[in-house]
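Each chain is listed here by its residues.
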Amino acid sequence: MMNYMTLANLTKKYSRGKGDEIHALDSFNLTVKKGEFVTILGPSGCGKTTALRIIAGFEEQTEGDVFLKGENINHVAPYKRFMPMVFQSYALFPHMNVYENIAYGLRALKKSRDIIRNDVAMACQVVNLVGLEKCYPGELSGGQQQRVALARTLVLKPEMILFDEPLSNLDVKLRIQTRTEIKRVHRMLGITVLYVTHDQSEALSMSDRIVIMNHGRTVQEGTPEEIYNNPINSFVADFIGNANFISAEVEEIEGKRVTIRLQNRIIVVKQENPELSFSEGEEVYLAIKPEATGISSDKADFTGIVDTRSFQGSHTEYKIEFEGSFINIHQSNMGKEIQTYQAGDIINLKFDKDLFHLYKK
Amino acid sequence: MNKSFGKIRKDPRLLITASIITLLLILFILYPLYSAFKMSITGDGGISFSVYREVFTQKQNIRAISNSLVLATLTATFSTFIGFTFAYSIHRAIIPGQKYFRAMAILPLISPPFMFALSHILLFGRNGLITARLLGIDSLGIYGLNGLVVVQTMGMFPLSYLILSGIVRAVDPDLELSAMNLGARRLRVFRTITLPLTLPGLLASWLMVFMGSLTDFGNPIIIGGDFNVLSVQAYLEFTGMGNLPRGTALAILLLLPTLFIFTLQKQILKRRSYVSASGKSVRNSRGLGTPGISRALFIFCLMITVFILLIYITIIAGSFITLWGEDWSFTLKHLSYSYDVGFKTLINTLLLALISTPITAAMGILIAFLATNKDLPGRKILEFLSLLSYAIPGTVVGIGYVLAFNRSPFKLSGTAFILIAVYVFRNLPITVEGGIAALSQVSGEIEESAANLGGNSAYILRRVTLPMIRPAFFAGATYAFIRSMTAISAIIFLISARWNHMSVLILAQTEIMRLGVASVMSFVLIILISIIIFLGSQMTKLKGTGLPASLKQLKAY
Ligand SMILES: Nc1ncnc2c1ncn2[C@@H]1O[C@H](COP(=O)(O)OP(=O)(O)OP(=O)(O)O)[C@@H](O)[C@H]1O
Ligand SMILES: [Mg+2]
């Protein structure tokens, strides 16, 4: 597969008056292959939107290049790029009805009336908008608006679509439903997608590849599984796995086996992250994913004290004091005899040590 | 609704206050209007429309009507164009100096109405700096339509800017980007997105300026030359020739379009802008602008700004130059002469403005309070009456007051009271609207809970509502003050030897070509207005009052 789009050393500086500068993008690199679904995932303000807007041509980068199919498009006008974008606010034209909104791009391309009518009808079908053509955006629900925004881009039969947090204005249920919808359209039409979000479950469930971004830079890149199972540092582990972090000190290193000292005990962790190396005596974080931990009724190696408990329906969340830190544990509520614990109870903890990770402090 | 609350709302004192105010509005707004109308149809005894027939058969009057319409059309078009360009440049494009452009776009609003005409004569007149000195030509034909369009446009585009800046800002910049993103070129985006979304504002601006130009008196009388317009024609007939019926009829002709526009305008602004369905992007973006477009906008704004500055500098320079066009030496004689002939008038002008300002603001807020009180019968009538005077041209007001208040039982002509009444009732609409806007933000719940705790309506008004609408009060006061200090079209009929007004005095000096003196007086007037506004905002120590806030209210129009 060829690289459909490449961002090379993209840098964007904004001045904040009085000589103060902010690097919204800082030598950001990215490649997207044809037909791929790539997600940029990062916290608010990390530069995701900035990247999309530079790709779409709304803003000019301070440095770096944007390549499309191997061609530099730094100076190509936005209306010639044909990379339609679904905005976070949808940006539907409020003075046009659904039909006119969807037809807008086709009219700009001066397509014939018949083609426009035909294509708009098709697009409406793809995103389930049939019957709403005469409505104005103000009369639509959030989910319907979202689908108009999607239809408006699909109707142009683009090779690539940009999405800027398209689901953030929807409620949880609709969000999950629309997720599948977008994924379906992606598969059905084979469109290349660059998708921006700060929602990890969205990224994990939809993407072929995830790019984790922070402070305008790439932090880690890989398939959802790679990233989830092997977060490269504590930022990623926290961001994508909601990991618990426990302070520890390195006692001894033997190849991949690292012995660390917690508050009261010593454990051995397999350290497979090639990017990291530790030295003896170093302060580190031990990251434990909530699902790597269980509450055991049998006697176990580890104990903790229940701090708070909150019932979540399918599972119960416990906040537990463990070795001087607090960790969160999910206990499934499936099955019959689930024992519940109260604050102050001392409980036995079971860890899946393969899911332990060490990170620099 | 809570029972005790309903009772309080129907407090008899409210009803009494409402009745008194209604009576006052009828007396000072409707009655003069009625008097004027009566004069125009009963001029020669008996009811007839012969005066109107006369008006429409006399060439000079028809000419005046068509002149007024042509002038207003041109001024409205240019003002809206400049106002829109300013609004777009300041709020949408990314160009340097936006803050300064904004300040310049607002400055003309605190100037005496015909100051632009005055400086225009100094710059482009027979002895003008640019015409005679730099170009060595006689004059640029500033007397007449061309000069009037330029002068009025400079004075009125700020109004367009204010109306449009709110509307331009309300359009989500992402819409333009999105359109471009879907493949539309800039011109197409402008035509299909930007223009339709700002159209209500453009229309509103056009209508408001049209109305302003139509009813303008100060500029046409100074540089109108042979180009007669209705307001001047009415004044000349009424005061100059003493033909009261005909003068009045001409003035009434002005009233018809303004009333029409007034209602139309309310309709348009009601359906104002499309509120974007979901969240709006807060990101500033250069919108459609390419660097080239931004540069063009910048140059445009800069040129207008320089022109405005030039006008002000000219006035200042004119104040201290012995004889403009002939003797360019420095002098203070205009200043001392102005002091001799104008000091008393200046004090009187200021005095009456200072007296009428708090009355206007207080009454406006009171009317707003009554008009938003859902239990008060006839509150809509009250609101309508108080807003109506905005649609009545100053010329009609002036003539109406002369006719209504020149004999008992309301013999007021020649007194300070009649001037105060004009100020109060002419400036009322803005304060009322501002008050209503502020009051509808004060949620009814706050008042209700206060009522539940057992306050009567006077108490609620004083303790709960008033503090929350203080900003509206002071904004309205600022606006009323400026308008009183720069009034002309109505009061020119009503001043007397005892109670003169600076504007009229400046006009008189300009007419006899004592331009230096006129400059000094204009200059002093602007300075005085600025100082008082500054002191006022310092004294009240309130954020969100003073000029900017008062201008924000002006936008409602
Ligand atoms: N026009 C601008 N002027 C100055 N700073 C800006 C501008 N636009 C964005 N920024 C800054 O650049 C940084 C990146 O912004 P960006 O909108 O790309 O973030 P984001 O990752 O999309 O965040 P979110 O998830 O909240 O949408 C932020 O710190 C933001 O404050
Ligand atoms: Mg964003």
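None of the values given here were measured: they were computed from a predicted structure.

Q: Help me understand the overall build of chain A, please; the structure alone is not making it clear to me.
A: Of regular secondary structure, chain A possesses eight helices and 20 strands. Every one of the 361 residues in chain A was classed for burial, and the buried ones make up 52%. As presented, chain A carries roughly 17000 Å² of accessible surface, and 46% of it is formed by carbon and sulfur atoms. Within chain A, one finds 42 positive and 46 negative side-chain charges whose respective centroids are separated by 8 Å.

Q: Even after reading the chapter, I still don't get the overall build of chain B, so can you show me in this structure?
A: Scanning chain B from N- to C-terminus turns up 23 helices and two strands. When each of the 557 residues of chain B is scored for burial, the buried share is 58%. Here the contacts in chain B between residues at least 6 apart in sequence split such that 80% fall between residues at least 24 apart. Counting only carbon and sulfur atoms, one obtains 67% of the accessible surface of chain B, whose full area is about 23200 Å².

Q: Would you mind showing me how to read a nonpolar patch on the surface here?
A: A contiguous nonpolar patch, built from Ile-527, Ile-531, Phe-534 and Leu-535 of chain B and spanning about 370 Å² of accessible area, is present on the exposed surface. Residue position: Ile-531 of chain B is located in helix 22 (residues 515-540).

Q: What is the right way to look at unusual backbone geometry in this model?
A: Among all residues save glycine, negative phi is the norm, and among peptide bonds the norm is trans. For Lys-69 of chain A, which is not a glycine, the phi torsion comes out positive at approximately 50°. Mapped onto the fold, Lys-69 of chain A is located in the loop between strand 4 (63-68) and strand 5 (71-72).

Q: Please clarify how the pattern of salt bridges should be interpreted in this entry.
A: For side chains of opposite charge, pairing can occur when their charged atoms come near one another. All names here are of chain A. This model, assessed by the stated rule, comprises 18 salt bridges over all chains. Close ionic contact of Lys-48 with Glu-165 constitutes a salt bridge, the shortest N to O distance being 3.8 Å. Of this pair, Lys-48 sits in helix 1 (residues 48-56) while Glu-165 sits in the loop between strand 7 (160-164) and helix 5 (172-189), and the two are 117 residues apart along the sequence. Each member of the pair, Lys-48 as well as Glu-165, carries the same accessibility label: buried.

Q: Would you explain the interface of chain B and chain A in this entry?
A: Put simply, an interface is often sized by how much accessible area is lost when its parts join up. The interface of chain B with chain A comprises 26 residues on the first partner and 33 residues on the second. Counting the surface lost from both chain B and chain A, the interface buries some 2600 Å², and carbon and sulfur atoms represent 58% of this. Seen at the junction of chain B and chain A, the total is one salt bridge. Elements with a minimum of two residues in the side of chain B that touches chain A: helix 9 (173-181) and helix 10 (186-215) of chain B. The residue inventory of the side of chain B that touches chain A, partitioned by class, reads 12 nonpolar, seven polar and seven charged.

Q: Would you mind going over the side chain of Asn-348 of chain B with me for this structure?
A: Relative to the helices and strands, Asn-348 of chain B resides in helix 15 (residues 333-371). Residues contacting Asn-348 of chain B, with those up to four places away along its chain left out, are Arg-498, Trp-499 and Asn-500 of chain B.

Q: Any chance you could explain empty space enclosed by the protein here in plain terms?
A: In this approach a probe as big as a water molecule rolls over the atoms, and the regions it shows empty are the leftover space. Residues and elements named next belong to chain B. Tallying each qualifying case throughout the model produces eight cavities of 30 Å³ or more. A volume near 1000 Å³ is recorded for the largest cavity. Around the largest cavity, the lining comprises 42 residues; the ones closest to its centre are Pro-113, Met-156, Gly-212, Arg-426 and Arg-483. Considered class by class, the residues forming the lining of the largest cavity number 25 nonpolar, 14 polar and three charged. What the second largest cavity holds in volume is close to 90 Å³. As for the second largest cavity, its lining consists of 13 residues, and the residues nearest its centre are Phe-28, Ile-29, Ile-392, Val-397 and Tyr-401. Its residues placed into classes, the lining of the second largest cavity shows 10 nonpolar, two polar and one charged.

Thresholds, definitions, all that
- Residues numbered from 1 in each chain as written.
- Chains lettered and ligands numbered in written order.
- Predicted model: local features only at pLDDT ≥ 70, side-chain atom pairs only at ≥ 80, totals over all residues.
- Heavy atoms only, no water.
- Helix = DSSP H or I, 4+ residues; strand = E, 2+ residues; numbered from the N terminus.
- Buried < 20%, exposed > 50% of the residue type's maximum accessible area, 1.4 Å probe, protein only.
- Areas by Shrake-Rupley, 256 points an atom, 1.4 Å probe, with all protein chains shown as cover.
- Lys, Arg positive; Asp, Glu negative; His and termini not counted.
- Charge placed at Lys NZ, Arg CZ, Asp CG, Glu CD.
- Contact = heavy atoms within 4.5 Å.
- Patch = residues over 30% accessible without salt bridge, like charges linked within 9 Å, V, L, I, M, F, W, Y side chains within 5 Å.
- Salt bridge = Lys/Arg side-chain N within 4 Å of Asp/Glu carboxyl O.
- Buried area = accessible area lost by both parts, 1.4 Å probe.
- Nonpolar A, V, L, I, M, F, W, Y, C, P; charged D, E, K, R; others polar.
- 1 Å grid on protein atoms, 1.4 Å probe; cavity = no way out; pocket = protein on both sides within 12 Å on 5 of 7 lines; lining within 4 Å.
- Points joined across faces, edges and corners; volume = space filled by probe spheres on them.

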